[in-house]
Amino acid sequence: MFEMIDSHRSHGGEQQRYRHRSETLGCNMVYSVFLPPQATDGPVPVLYYLSGLTCTDENFVAKAGAQQHAARYGIAIVAPDTSPRGDDVPDDPDGAWDFGSGAGFYVNATQAPWDQHYRMYDYVLEELPALINESMPVDGNRQAITGHSMGGHGALTVGLRNPDRYRSISAFSPISSPSQCPWGHKALGRYLGDDQAQWLAHDACHLIGQASRQLPILVDQGGSDGFLVDQLKPELLMAAATEAGYPINLRLQAGYDHSYFFVSSFMADHMAFHAQYLSH
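All of these numbers come straight from a predicted model, not from anything done at the bench.

What counts and what doesn't
- Residues numbered from 1 in each chain as written.
- Predicted model: local features only at pLDDT ≥ 70, side-chain atom pairs only at ≥ 80, totals over all residues.
- Heavy atoms only, no water.
- Helix = DSSP H or I, 4+ residues; strand = E, 2+ residues; numbered from the N terminus.
- Rg over C-alpha atoms; globule rule 2.2 N^0.38 Å.
- Buried < 20%, exposed > 50% of the residue type's maximum accessible area, 1.4 Å probe, protein only.
- Contact = heavy atoms within 4.5 Å.
- Areas by Shrake-Rupley, 256 points an atom, 1.4 Å probe, with all protein chains shown as cover.
- Pairing = 2+ DSSP bridges.
- Core = buried A, V, L, I, M, F, W, Y, C linked by side-chain atoms within 4.5 Å.
- Polar contact = N/O pair within 3.5 Å; in protein donor to acceptor, adjacent residues only side chain to side chain.
- Bend = angle between axes of the 7 residues up to and from the residue.
- Salt bridge = Lys/Arg side-chain N within 4 Å of Asp/Glu carboxyl O.

**Student:** Can you lay out the overall build of the protein chain for me, pointing to particular residues and giving the numbers?
**Tutor:** Helix and strand counts for the protein chain come out as 9 helices and 9 strands. Against the 2.2 N^0.38 benchmark of 19 Å for 280 residues, the protein chain shows a C-alpha radius of gyration of 17 Å, consistent with a compact globule. Counting only C-alpha atoms and orienting by the principal axes, one finds that the protein chain spans roughly 50 × 45 × 35 Å. The buried share of the protein chain, reckoned over its 280 residues, is 57%. Long-range contacts, defined as pairs at least 24 residues apart, comprise 72% of the intrachain contacts of the protein chain with a sequence gap of at least 6. Surface summary for the protein chain: the accessible area is close to 11,100 Å², and the carbon and sulfur share equals 47%.

Shown next, in the form of structure tokens:
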């Protein structure tokens, strides 16, 4: 079951927020849905947006300016939270912001105590879309996925692993190779254990070389992003794609940082990109 928390008229459509009990995560979860005006006439395609470290569903909804573009193209947008939450859900024991609450990394944890709740991969791929397809006027056969930072990592890895589920993939400043950066070492090491071979199933640079089918991919990265060199490493993604012969459009945007000022600046491009593949 699910309950509506609030709803706001936006660009002729409805920006809604819901709460439900997630069996996958073992806690209550909140997610946001934008329904474009075209949804009153029948099912519309749907874009899933995955947010980054420390975020909830609300960051994207309030700051990305996506509703106007989604309304233009007739695309619903679903934005889940970034991790399980609640009194029974373990958090980073040191209270750090880059692990635990707000930092689910879109993996299925295998290590205690995280494995009881941190199963964001299954939640994003299976449970939430099943709920959306059942309860919303969307066409579950026309799905795409995008995200920012940790969520860009999630969009790339979930999309690359499941090309039958999505028409297209995009990302803003993604963590391109979590097996080769400090954020990824911390998160994957705790969620999945010390065997780094297990991490590769959640590393876009590895997955792009294993892809059974090539989906269209658009990536935007800010050239003045403070996390560019140490954490995001887009050059690794480009090198992996080149070696695999996987055509991706990776654009370095000079002067832009890691914020939603950057995301909102190129949201129109990403919505137009996905609309090409979701329109039929």
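**Student:** If you had to explain the pairing of strand S6 (residues 138-147) to someone new, which residues and values would you point to?
**Tutor:** In terms of residue burial, S6 counts as a mostly covered element, since 7 of its 10 residues are buried. Note: strand S4 (residues 44-50) against S6, 6 bridges, orientation parallel. If you follow Tyr 48 over to S6, its bridge partner there is Ile 145.

**Student:** How would you explain the side chain of Ser 168 if you had to name every residue and give the values?
**Tutor:** Residue placement: Ser 168 occurs in the loop between helix H4 (150-161) and strand S7 (169-172). Aside from chain neighbours lying at most four places away, what touches Ser 168 is Gln 143, Ala 144, Ile 145, Pro 216, Phe 273, His 274 and Tyr 277.

**Student:** I'd love a proper account of the nonpolar core, names of residues and values included.
**Tutor:** Counting residues in each nonpolar core, the largest one holds 64 residues, and the members touching the most others are Phe 105, Ile 132, Ile 145 and Tyr 191. Of all the elements, helix H3 (residues 120-135) adds the most residues to this core, at 8 residues. When sequence neighbours within four positions are dropped, the list of residues in contact with Ile 145 reads Leu 47, Tyr 48, Leu 50, Val 124, Ala 155, Val 158, Gly 159, Tyr 166, Ser 168, Ile 169, Ser 170 and His 274.

**Student:** How would you explain the side chain of Gln 221 if you had to name every residue and give the values?
**Tutor:** Relative to the helices and strands, Gln 221 is located in strand S8 (residues 217-222). Judged by relative accessible area, Gln 221 falls into the buried class, the value being 0%. Non-local contacts of Gln 221, meaning those with residues more than four positions away in its chain, are made with Ser 173, Pro 174, Leu 228, Leu 232, Pro 234, Arg 251, Leu 252, Gln 253 and Phe 262.

**Student:** Any chance you could break down the environment of Thr 24 for me, citing the residues and the numbers?
**Tutor:** As for its placement among the helices and strands, Thr 24 is situated in the loop between strand S2 (13-22) and strand S3 (27-35). Residues Thr 24 and Arg 119, 95 residues apart in the sequence, show an inter-C-alpha distance of 6.7 Å. Beyond its immediate stretch of four places on either side in the chain, Thr 24 contacts Arg 119, Asp 122, Tyr 123 and Glu 127. Within the structure, Thr 24 has its side chain in polar contact with the side chain of Glu 127 (distance 2.9 Å).

**Student:** Could you give me a rundown of helix H9 (residues 260-278), with the residues and numbers involved?
**Tutor:** Along H9, the sharpest kink reaches roughly 45°, centred on Phe 266. By the burial criterion, the buried members of H9 are Tyr 260, Phe 262, Val 263, Phe 266, Met 267, His 270, Met 271, Phe 273, His 274, Ala 275 and Leu 278. Where H9 starts, the residue carrying a side-chain oxygen 3.1 Å from the main-chain nitrogen of Phe 261 turns out to be Ser 259.

**Student:** Which residues make up the environment of Glu 134, and what are the values?
**Tutor:** Position of Glu 134 relative to the elements: it lies in helix H3. Glu 134 sits in the exposed class, given a relative accessible area of 71%. For Glu 134 and Gly 104, which are 30 residues apart along the polypeptide, the C-alpha to C-alpha distance reads 25 Å.

**Student:** Go over the pattern of salt bridges, please, and point to the residues and values.
**Tutor:** Scanning the model with the defined rule gives 13 salt bridges in all. The residue Lys 186 makes a salt bridge to Asp 98 at a minimum N-O spacing of 2.7 Å. Here Lys 186 is found in helix H5 (residues 182-192), whereas its partner Asp 98 is found in the loop between strand S5 (76-80) and H3, with 88 residues between them in sequence. Taking the relative accessible area as the measure of exposure, Asp 98 reaches 14% and is therefore buried. Via salt bridges that share partners, Asp 92, Asp 98, Lys 186 and Arg 190 belong to a single interconnected network.

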